[in-house]
Amino acid sequence: MSSSRLRAFLAVARHGSFSAGARALGLAQPTLTAQIQSLEKQHDVELFHRRGRGSHLTPLGLALLPIAQQLGALEVDAFNLLHDAGKLNSGELRIGAVGPFHVIEMVDAYHRLYPGVDLSIRVGNSAEVLADLESYVTDIAVLAGARDAPGLSAISYASHPVILFAPVTHPLACHDSLPLSALHDVPLLQREPGSTTRAALEAALAEAGVKPRTVMEIGSREALREAVARGLGMGTVSEAEFIPDSRFRPIRIEGDPVRTDTYLYCLAERRDSRLLSSFIDEVLKIRGDGPAHPA
């Protein structure tokens, strides 16, 4: 598969139509269409179902997609290695993250050092971020919690305690800190199942034998904040992600028994890529850690 056909296939697969794929590559649509048709004709196969204005991968196209994504990633690595004698004056780095807090400070630090590298951030839940990384849609993933998954390289970045926050009218809002046992039978607002913060809290509660009353599951940080502000219950959040607000009172959990850990992930096979290594090594200097070491 030639580089031009590879890029054409990936563009249509990612953007869902020949016209959108052509715009993404800066090509005329007939040029991109000819590249796809040439690839299909060469092997006597059909890679896309053309339906109205959209295009969908055939079963064969779906099977080809992860291979093509891997080839595309390797092509980018080769380009970055050779271009400008490896000085990283250009290139593209795609980052996936579950939230903006750490990833923005990482991108800011890296962009100051390598302004010629194009950076993009794709936000999703943990499952989506990992799937994007494993399918070569992104190059780096920033996630909370350790994941012992084969083929991934994990680098520890930061650790923060989980704190409580309550509306200022809450009976417990007069406390600066509380023991975990104080949550027994207290109305508590929880993130959705699969949330790293929720999992860490539930593990600590189970170990301590404490059973709060979960009154609602909420699927976003912003919605959780508003629910707490309206007095529906107490919430929990990583201390690093708590945003001061006159409507809330942050309350520390004594002894910090609940913590969230932030990790950078990349595919192990790409860990030695100059572009990925430069990002990992430089952002860890924010914390004075020096060169990155696998967790």
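Going by the annotation in an unreviewed UniProt entry, the name recorded for the protein chain is LysR substrate-binding domain-containing protein, with Alcaligenes xylosoxydans xylosoxydans given as the source organism. Of the comments in the UniProt record for the protein chain, the one headed Sequence similarities (unreviewed entry) reads "Belongs to the LysR transcriptional regulatory family."

Asker: Which parts of the structure should I look at to understand unusual backbone geometry?
Answerer: Leaving glycine out, the prevailing phi sign among residues is negative, and the prevailing peptide bond configuration is trans. One non-glycine residue, Y136, adopts positive backbone phi at about 70 degrees. Inspection of the secondary structure assignment puts Y136 in the loop between α6 (126-134) and β5 (140-144). On the basis of relative accessibility, which here comes to 7%, the residue Y136 falls in the buried class. Positive phi, close to 65 degrees, is recorded for D185, a residue that is not glycine. With respect to the helices and strands, D185 occurs in the loop between β7 (177-178) and β8 (187-191).

Asker: Looking at this model, I keep getting lost on helix α9 (residues 274-284). Mind explaining?
Answerer: Residues separated by three or four positions in an α-helix point in the same direction, a consequence of the helix having 3.6 residues per turn. Burial analysis of α9 places nine of its eleven residues in the buried class, which makes it a mostly covered element. Three or more residues of α9 are buried, namely L275, L276, S277, S278, F279, I280, E282, V283 and L284.

Asker: Looking at this structure, I do not really get the packing of aromatic side chains. What am I missing?
Answerer: Aromatic ring pairs are reported here in terms of the distance separating the ring centres and the angle at which the planes meet. Tallying each qualifying case throughout the model produces seven aromatic pairs. Grouping aromatic residues by their ring pairs yields a cluster made of F9, F18 and F48.

Cut-off values and rules
Residues numbered from 1 in each chain as written. Predicted model: local features only at pLDDT ≥ 70, side-chain atom pairs only at ≥ 80, totals over all residues. Heavy atoms only, no water. UniProt positions renumbered as here; feature names shortened; annotations may be inferred. Helix = DSSP H or I, 4+ residues; strand = E, 2+ residues; numbered from the N terminus. Buried < 20%, exposed > 50% of the residue type's maximum accessible area, 1.4 Å probe, protein only. Phe/Tyr/Trp six-rings, centres within 6.5 Å; stacked < 30°, edge-to-face > 60°.

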